[in-house]
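One-letter residues, chain by chain:
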Amino acid sequence: MSPFDFYVQYEYAFAAVQLSLAMLGMGATLTPGDFAEVVRDPKGFAAGMVMQILGVPLLALLFISMLELDPGVAVGLALCASIPGGTVSNIFTFLGRGHVALSIALTAVTTLACLVTTPILLGWLIAEHMPPDFMMPAAKIAMEIGLYLMLPLGLGMLFLQLFSAHAERLSHYCIRGSLFVIVLIVIGAAGAGRLDMEAFGAANAVIILVFITVLAVVSAAVPRLLNLDWPDVTAINIEVTVRNTNLGLLIKASLFPAVVGVADPVGDNVLFTVLLFGGIMLLVGSGLVFFYRKQIPLPAS
(Lines give C-alpha, C1' and ligand atoms only; values in the text may rest on other atoms or scores of the structure.)
Protein backbone atom coordinates (compact mmCIF):
# COMPACT_ATOMS: atom_id res chain seq x y z
CA MET A 1 0.00 0.00 0.00
CA SER A 2 1.38 3.40 -0.99
CA PRO A 3 1.39 6.30 1.51
CA PHE A 4 -1.35 7.97 -0.53
CA ASP A 5 -3.53 4.85 -0.45
CA PHE A 6 -2.99 4.83 3.31
CA TYR A 7 -4.28 8.40 3.49
CA VAL A 8 -7.38 7.57 1.40
CA GLN A 9 -8.12 4.53 3.57
CA TYR A 10 -7.88 6.56 6.77
CA GLU A 11 -9.09 9.95 5.55
CA TYR A 12 -11.89 10.05 8.13
CA ALA A 13 -9.39 9.42 10.95
CA PHE A 14 -7.17 12.25 9.67
CA ALA A 15 -10.18 14.59 9.62
CA ALA A 16 -11.27 13.53 13.12
CA VAL A 17 -7.78 14.03 14.59
CA GLN A 18 -7.28 17.49 13.08
CA LEU A 19 -10.68 18.68 14.33
CA SER A 20 -10.19 17.21 17.82
CA LEU A 21 -6.78 18.85 18.16
CA ALA A 22 -8.12 22.23 16.99
CA MET A 23 -11.03 22.14 19.43
CA LEU A 24 -8.89 20.92 22.35
CA GLY A 25 -6.57 23.86 21.70
CA MET A 26 -9.50 26.25 21.45
CA GLY A 27 -11.06 24.93 24.65
CA ALA A 28 -7.82 25.54 26.52
CA THR A 29 -8.34 29.28 25.87
CA LEU A 30 -12.01 29.46 26.98
CA THR A 31 -13.57 29.97 30.39
CA PRO A 32 -17.27 29.92 31.35
CA GLY A 33 -16.96 33.68 31.81
CA ASP A 34 -16.42 34.09 28.07
CA PHE A 35 -20.07 33.13 27.54
CA ALA A 36 -21.12 36.03 29.78
CA GLU A 37 -20.30 38.39 26.89
CA VAL A 38 -23.73 37.43 25.57
CA VAL A 39 -25.24 39.43 28.45
CA ARG A 40 -22.75 42.28 28.42
CA ASP A 41 -23.03 43.03 24.71
CA PRO A 42 -26.44 41.77 23.52
CA LYS A 43 -26.69 43.94 20.40
CA GLY A 44 -23.34 42.92 18.93
CA PHE A 45 -23.88 39.30 19.90
CA ALA A 46 -27.39 39.19 18.40
CA ALA A 47 -26.14 40.72 15.13
CA GLY A 48 -23.31 38.20 14.91
CA MET A 49 -25.56 35.23 15.68
CA VAL A 50 -28.19 36.20 13.10
CA MET A 51 -25.52 36.62 10.44
CA GLN A 52 -23.92 33.28 11.29
CA ILE A 53 -27.08 31.19 11.60
CA LEU A 54 -29.21 32.84 8.88
CA GLY A 55 -27.20 35.32 6.82
CA VAL A 56 -24.40 33.04 5.63
CA PRO A 57 -26.67 30.11 4.68
CA LEU A 58 -29.01 32.49 2.80
CA LEU A 59 -26.05 33.87 0.84
CA ALA A 60 -24.95 30.32 0.04
CA LEU A 61 -28.48 29.47 -1.08
CA LEU A 62 -28.42 32.50 -3.38
CA PHE A 63 -25.18 31.34 -5.01
CA ILE A 64 -26.30 27.71 -5.25
CA SER A 65 -29.70 28.54 -6.74
CA MET A 66 -28.56 31.24 -9.18
CA LEU A 67 -25.43 29.57 -10.55
CA GLU A 68 -25.07 26.27 -12.40
CA LEU A 69 -22.66 24.83 -9.85
CA ASP A 70 -21.02 21.46 -10.01
CA PRO A 71 -22.71 19.28 -7.35
CA GLY A 72 -19.44 18.90 -5.43
CA VAL A 73 -18.88 22.66 -5.38
CA ALA A 74 -22.47 23.29 -4.30
CA VAL A 75 -22.16 20.80 -1.44
CA GLY A 76 -18.76 22.23 -0.48
CA LEU A 77 -20.14 25.78 -0.33
CA ALA A 78 -23.12 24.57 1.69
CA LEU A 79 -20.75 22.84 4.10
CA CYS A 80 -18.69 26.00 4.60
CA ALA A 81 -21.87 28.03 5.13
CA SER A 82 -23.25 25.58 7.69
CA ILE A 83 -20.27 25.52 10.05
CA PRO A 84 -19.43 28.07 12.77
CA GLY A 85 -16.39 30.26 13.18
CA GLY A 86 -13.25 28.75 14.65
CA THR A 87 -10.35 29.64 16.87
CA VAL A 88 -8.50 31.37 14.00
CA SER A 89 -11.25 34.04 13.92
CA ASN A 90 -10.51 34.83 17.57
CA ILE A 91 -6.79 35.23 16.80
CA PHE A 92 -7.50 37.44 13.78
CA THR A 93 -9.90 39.57 15.83
CA PHE A 94 -7.17 40.10 18.42
CA LEU A 95 -4.64 41.04 15.72
CA GLY A 96 -7.19 43.40 14.14
CA ARG A 97 -7.80 45.13 17.54
CA GLY A 98 -11.41 44.00 17.55
CA HIS A 99 -13.71 43.01 20.41
CA VAL A 100 -12.05 39.72 21.33
CA ALA A 101 -14.54 38.75 24.04
CA LEU A 102 -17.41 39.16 21.56
CA SER A 103 -15.55 37.05 19.00
CA ILE A 104 -14.96 34.30 21.57
CA ALA A 105 -18.59 34.39 22.70
CA LEU A 106 -19.82 34.09 19.10
CA THR A 107 -17.42 31.22 18.42
CA ALA A 108 -18.39 29.39 21.59
CA VAL A 109 -22.17 29.76 21.24
CA THR A 110 -22.33 29.05 17.50
CA THR A 111 -20.11 26.01 18.11
CA LEU A 112 -22.61 24.75 20.69
CA ALA A 113 -25.52 25.59 18.37
CA CYS A 114 -24.01 23.79 15.37
CA LEU A 115 -24.79 20.48 17.05
CA VAL A 116 -28.37 21.21 15.89
CA THR A 117 -28.03 23.84 13.17
CA THR A 118 -25.38 22.22 10.95
CA PRO A 119 -27.37 19.07 10.03
CA ILE A 120 -30.52 21.16 9.49
CA LEU A 121 -28.79 23.73 7.28
CA LEU A 122 -26.99 21.06 5.27
CA GLY A 123 -30.23 19.22 4.62
CA TRP A 124 -31.85 22.48 3.51
CA LEU A 125 -29.04 23.63 1.24
CA ILE A 126 -27.88 20.48 -0.55
CA ALA A 127 -30.97 18.26 -0.83
CA GLU A 128 -31.39 18.88 -4.57
CA HIS A 129 -27.71 18.13 -5.26
CA MET A 130 -27.80 14.67 -3.69
CA PRO A 131 -29.22 11.41 -5.13
CA PRO A 132 -33.01 11.02 -4.78
CA ASP A 133 -32.59 8.23 -2.22
CA PHE A 134 -30.08 10.21 -0.12
CA MET A 135 -31.05 10.79 3.49
CA MET A 136 -29.15 13.42 5.49
CA PRO A 137 -27.53 11.49 8.38
CA ALA A 138 -28.40 14.24 10.86
CA ALA A 139 -28.02 12.01 13.92
CA LYS A 140 -24.61 10.78 12.75
CA ILE A 141 -23.38 14.32 12.03
CA ALA A 142 -24.65 15.51 15.42
CA MET A 143 -22.88 12.58 17.12
CA GLU A 144 -19.63 13.35 15.31
CA ILE A 145 -19.87 17.04 16.25
CA GLY A 146 -20.41 16.00 19.85
CA LEU A 147 -17.55 13.50 19.86
CA TYR A 148 -14.88 15.34 17.90
CA LEU A 149 -15.87 18.98 18.53
CA MET A 150 -17.80 19.39 21.79
CA LEU A 151 -15.93 16.76 23.83
CA PRO A 152 -12.42 18.08 23.03
CA LEU A 153 -13.69 21.63 23.58
CA GLY A 154 -14.98 20.68 27.03
CA LEU A 155 -11.79 18.80 27.89
CA GLY A 156 -9.74 21.84 26.88
CA MET A 157 -11.83 24.10 29.12
CA LEU A 158 -11.44 21.62 31.99
CA PHE A 159 -7.67 21.54 31.44
CA LEU A 160 -7.59 25.34 31.67
CA GLN A 161 -9.45 25.21 34.98
CA LEU A 162 -7.23 22.50 36.47
CA PHE A 163 -3.84 23.32 34.96
CA SER A 164 -4.03 26.98 33.99
CA ALA A 165 -0.25 27.41 34.00
CA HIS A 166 0.09 24.86 31.20
CA ALA A 167 -3.06 25.65 29.20
CA GLU A 168 -1.40 28.12 26.82
CA ARG A 169 1.27 25.58 25.93
CA LEU A 170 -1.35 22.87 25.36
CA SER A 171 -3.34 25.21 23.10
CA HIS A 172 -0.19 26.15 21.18
CA TYR A 173 0.78 22.53 20.48
CA CYS A 174 -2.76 21.40 19.68
CA ILE A 175 -3.37 24.17 17.16
CA ARG A 176 -0.02 23.51 15.49
CA GLY A 177 -0.76 19.80 15.49
CA SER A 178 -4.09 20.42 13.82
CA LEU A 179 -2.46 22.56 11.13
CA PHE A 180 0.14 19.82 10.58
CA VAL A 181 -2.57 17.21 10.05
CA ILE A 182 -4.33 19.53 7.58
CA VAL A 183 -1.06 19.75 5.64
CA LEU A 184 -0.96 15.93 5.62
CA ILE A 185 -4.55 15.91 4.31
CA VAL A 186 -3.61 18.26 1.46
CA ILE A 187 -0.51 16.20 0.60
CA GLY A 188 -2.38 12.91 0.86
CA ALA A 189 -5.33 14.07 -1.23
CA ALA A 190 -3.08 15.65 -3.85
CA GLY A 191 -0.84 12.58 -4.02
CA ALA A 192 -3.87 10.35 -4.47
CA GLY A 193 -4.94 12.49 -7.44
CA ARG A 194 -7.99 13.89 -5.66
CA LEU A 195 -6.98 17.57 -5.82
CA ASP A 196 -6.89 18.22 -9.55
CA MET A 197 -7.11 21.95 -10.23
CA GLU A 198 -7.56 21.40 -13.95
CA ALA A 199 -10.53 19.09 -13.35
CA PHE A 200 -11.91 21.38 -10.65
CA GLY A 201 -11.80 24.35 -13.00
CA ALA A 202 -10.72 27.95 -12.64
CA ALA A 203 -14.34 29.11 -12.86
CA ASN A 204 -15.23 27.20 -9.69
CA ALA A 205 -12.24 28.69 -7.92
CA VAL A 206 -13.42 32.17 -8.92
CA ILE A 207 -16.91 31.40 -7.58
CA ILE A 208 -15.45 30.48 -4.18
CA LEU A 209 -13.36 33.65 -4.18
CA VAL A 210 -16.41 35.78 -5.05
CA PHE A 211 -18.52 34.07 -2.37
CA ILE A 212 -15.94 34.78 0.34
CA THR A 213 -15.50 38.36 -0.88
CA VAL A 214 -19.27 39.01 -0.79
CA LEU A 215 -19.42 37.36 2.63
CA ALA A 216 -16.69 39.67 3.93
CA VAL A 217 -18.32 42.79 2.48
CA VAL A 218 -21.84 42.01 3.74
CA SER A 219 -20.66 40.99 7.22
CA ALA A 220 -18.86 44.33 7.51
CA ALA A 221 -21.69 46.44 6.11
CA VAL A 222 -24.52 45.06 8.27
CA PRO A 223 -22.96 45.83 11.69
CA ARG A 224 -21.95 49.27 10.43
CA LEU A 225 -25.56 49.92 9.39
CA LEU A 226 -26.55 48.91 12.92
CA ASN A 227 -24.22 51.64 14.25
CA LEU A 228 -21.96 49.19 16.07
CA ASP A 229 -18.53 50.50 16.91
CA TRP A 230 -15.41 49.44 15.04
CA PRO A 231 -14.23 46.77 17.53
CA ASP A 232 -17.63 45.05 17.32
CA VAL A 233 -17.69 45.36 13.52
CA THR A 234 -14.22 43.81 13.41
CA ALA A 235 -15.24 40.86 15.59
CA ILE A 236 -18.42 40.12 13.62
CA ASN A 237 -16.83 40.62 10.20
CA ILE A 238 -13.91 38.30 10.93
CA GLU A 239 -16.05 35.76 12.80
CA VAL A 240 -18.43 35.42 9.83
CA THR A 241 -15.66 35.31 7.22
CA VAL A 242 -13.13 33.03 8.92
CA ARG A 243 -14.98 29.75 9.44
CA ASN A 244 -14.18 26.41 11.09
CA THR A 245 -13.18 24.49 7.96
CA ASN A 246 -11.71 21.84 10.31
CA LEU A 247 -15.31 20.77 10.96
CA GLY A 248 -16.06 20.97 7.24
CA LEU A 249 -13.31 18.43 6.53
CA LEU A 250 -14.74 16.00 9.07
CA ILE A 251 -18.29 16.25 7.69
CA LYS A 252 -16.98 15.81 4.15
CA ALA A 253 -15.16 12.64 5.20
CA SER A 254 -18.37 11.41 6.82
CA LEU A 255 -20.73 12.18 3.90
CA PHE A 256 -18.30 11.15 1.14
CA PRO A 257 -15.93 8.50 2.58
CA ALA A 258 -12.94 7.89 0.35
CA VAL A 259 -12.36 4.36 -0.95
CA VAL A 260 -9.00 3.24 -2.36
CA GLY A 261 -9.24 2.69 -6.10
CA VAL A 262 -12.77 4.09 -6.42
CA ALA A 263 -13.26 7.43 -8.19
CA ASP A 264 -15.55 9.93 -6.49
CA PRO A 265 -15.56 13.19 -8.47
CA VAL A 266 -18.33 14.74 -6.33
CA GLY A 267 -16.56 13.93 -3.07
CA ASP A 268 -13.24 15.13 -4.49
CA ASN A 269 -14.78 18.47 -5.49
CA VAL A 270 -16.33 18.82 -2.02
CA LEU A 271 -12.88 18.28 -0.49
CA PHE A 272 -11.23 20.70 -2.92
CA THR A 273 -13.93 23.33 -2.24
CA VAL A 274 -13.49 23.12 1.55
CA LEU A 275 -9.69 23.25 1.33
CA LEU A 276 -9.72 26.10 -1.20
CA PHE A 277 -12.30 27.97 0.88
CA GLY A 278 -10.02 27.59 3.90
CA GLY A 279 -7.00 28.96 2.05
CA ILE A 280 -8.82 31.92 0.49
CA MET A 281 -10.61 32.86 3.73
CA LEU A 282 -7.26 33.03 5.53
CA LEU A 283 -5.93 35.42 2.89
CA VAL A 284 -9.09 37.56 3.05
CA GLY A 285 -9.03 37.42 6.85
CA SER A 286 -5.42 38.63 6.86
CA GLY A 287 -6.50 41.55 4.68
CA LEU A 288 -9.28 42.37 7.15
CA VAL A 289 -6.76 42.38 10.00
CA PHE A 290 -4.60 44.86 8.09
CA PHE A 291 -7.64 47.06 7.32
CA TYR A 292 -9.01 47.16 10.87
CA ARG A 293 -5.64 47.86 12.44
CA LYS A 294 -5.76 51.15 10.54
CA GLN A 295 -9.31 51.92 11.70
CA ILE A 296 -8.89 51.10 15.40
CA PRO A 297 -6.22 52.99 17.34
CA LEU A 298 -4.21 51.34 20.09
CA PRO A 299 -5.77 51.87 23.53
CA ALA A 300 -4.24 54.75 25.47
CA SER A 301 -1.57 53.60 27.90
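Residues numbered from 1 in each chain as written. Predicted model: local features only at pLDDT ≥ 70, side-chain atom pairs only at ≥ 80, totals over all residues. Heavy atoms only, no water.

Regarding the pattern of salt bridges
Moving on, step 1. Under the counting rule described, the total for this entry stands at two salt bridges.
Moving on, step 2. A salt bridge links Glu11 to Lys252; the nearest nitrogen and oxygen atoms lie 3.0 Å apart. Here the residue Glu11 occupies a position in helix H2 (residues 11-27), and Lys252 occupies one in helix H13 (residues 245-255), the gap between them amounting to 241 residues. This pair shows no difference in class: Glu11 is buried, exactly as Lys252 is. (Salt bridge = Lys/Arg side-chain N within 4 Å of Asp/Glu carboxyl O. Helix = DSSP H or I, 4+ residues; strand = E, 2+ residues; numbered from the N terminus. Buried < 20%, exposed > 50% of the residue type's maximum accessible area, 1.4 Å probe, protein only.)

Re empty space enclosed by the protein
Moving on, step 1. Counting across every chain of the model gives two cavities of 30 Å³ or more.
Moving on, step 2. Space inside the largest cavity adds up to approximately 70 Å³.
Moving on, step 3. When residues of the lining of the largest cavity are traced back to their parent elements, those giving at least two are helix H4 (42-66), helix H5 (71-82) and helix H7 (100-126).
Moving on, step 4. Examining the composition of the lining of the largest cavity, we find that four residues originate from one element, H7, more than from any other.
Moving on, step 5. Per-class residue counts for the lining of the largest cavity are six nonpolar, four polar and one charged.
Moving on, step 6. In this structure, the second largest cavity spans a volume of roughly 40 Å³. (1 Å grid on protein atoms, 1.4 Å probe; cavity = no way out; pocket = protein on both sides within 12 Å on 5 of 7 lines; lining within 4 Å. Points joined across faces, edges and corners; volume = space filled by probe spheres on them. Nonpolar A, V, L, I, M, F, W, Y, C, P; charged D, E, K, R; others polar.)

Notes on the environment of Asp232
Moving on, step 1. Looking at the secondary structure, you find Asp232 in helix H12 (residues 230-241).
Moving on, step 2. Classification of Asp232 by relative accessible area gives buried; the value is 7%.
Moving on, step 3. Separated by 78 residues in sequence, Asp232 and Gly154 have C-alpha atoms that sit 26 Å apart.

Some remarks on the packing of H4 against helix H11 (residues 202-225)
Moving on, step 1. At their nearest, the axes of H4 and H11 sit 11 Å apart, and the two run at 140° to each other. Here H11 runs oblique to H4, going by the angle between their axes. Of the two possible hands of crossing, H4 and H11 adopt the one that is right-handed. Seen from H4, the contacting residues are Met51, Val56, Leu59, Ala60 and Phe63; seen from H11, they are Ile207, Val210, Phe211, Val214, Leu215, Val218, Ser219, Val222 and Pro223.
Moving on, step 2. Residues belonging to the contact of H4 with H11 are distributed by class as follows: 13 nonpolar, one polar and no charged. (Axes fitted to C-alpha atoms, helices over the stretch in contact; angles between N-to-C directions. Parallel < 35°, antiparallel > 145°, perpendicular 65-115°, else oblique. Left-handed = near helix turned anticlockwise from the far one by under 90°. Contact = heavy atoms within 4.5 Å.)

A short note on a nonpolar patch on the surface
Moving on, step 1. There is a patch of nonpolar side chains on the surface, built from Leu147, Leu151, Leu155, Leu158, Leu162 and Phe163 and spanning about 560 Å² of accessible area.
Moving on, step 2. Mapped onto the elements of the fold, Phe163 is located in the loop between helix H8 (138-162) and helix H9 (164-191).
Moving on, step 3. According to the relative accessible area criterion, Phe163 is partly exposed, its value standing at 42%. (Patch = residues over 30% accessible without salt bridge, like charges linked within 9 Å, V, L, I, M, F, W, Y side chains within 5 Å. Areas by Shrake-Rupley, 256 points an atom, 1.4 Å probe, with all protein chains shown as cover.)

Quick look at the packing of aromatic side chains
Moving on, step 1. Inspection of the entire model under this criterion finds ten aromatic pairs.
Moving on, step 2. With 5.1 Å between their ring centres and 45° between their planes, Phe159 and Phe163 make a pair best called tilted.
Moving on, step 3. Here Phe159 falls in the partly exposed class, since its relative accessible area comes to 24%.
Moving on, step 4. Ring pairing ties together the aromatic residues Phe6, Tyr10 and Phe14, which thus form one cluster. (Phe/Tyr/Trp six-rings, centres within 6.5 Å; stacked < 30°, edge-to-face > 60°.)

Digging into the confidence of the model for the protein chain
Moving on, step 1. On average, residues of the protein chain carry a pLDDT of 85, and 93% of them reach 70 or more.
Moving on, step 2. Mean pLDDT values over the elements of the protein chain span from 66, in helix H3 (residues 37-40), up to 95, in H11. (pLDDT = per-residue confidence, 0-100.)

Quick notes on helix H6 (residues 87-95)
Moving on, step 1. Listed as buried for H6 are Thr87, Ser89, Asn90, Phe92 and Thr93.
Moving on, step 2. On its buried face, H6 sits against H2, H7, H9, H12 and helix H14 (265-295).
Moving on, step 3. Positive phi appears at Arg97, one or two residues downstream of H6, with a value of about 65°.

Some remarks on the layout of surface pockets
Moving on, step 1. Counted as a void, the largest pocket has a volume near 730 Å³.
Moving on, step 2. Considering the residues around the largest pocket, the lining is formed by 31 residues, among which Thr87, Val88, Ile91, Ile175 and Leu179 are closest to the centre.
Moving on, step 3. Residue assignment for the lining of the largest pocket shows that the elements contributing at least two residues are H2, H6, H7, H9, H13 and H14.
Moving on, step 4. Its residues assigned to classes, the lining of the largest pocket shows 16 nonpolar, twelve polar and three charged.

Section: the packing of H2 against H8
Moving on, step 1. Where H2 meets H8, the closest approach of the two axes is 7 Å, and the angle between their N-to-C directions is 30°. Our classification of the angle between H2 and H8 gives roughly parallel. With respect to the hand of their crossing, H2 and H8 are arranged in right-handed fashion. Here H2 contributes Tyr12, Ala16, Leu19, Ser20, Met23, Leu24, Met26 and Gly27 to the contact with H8, which in turn contributes Glu144, Tyr148, Leu149, Pro152, Leu153, Leu155, Gly156 and Met157.
Moving on, step 2. Taken together, the residues of the contact of H2 with H8 break down into twelve nonpolar, three polar and one charged.

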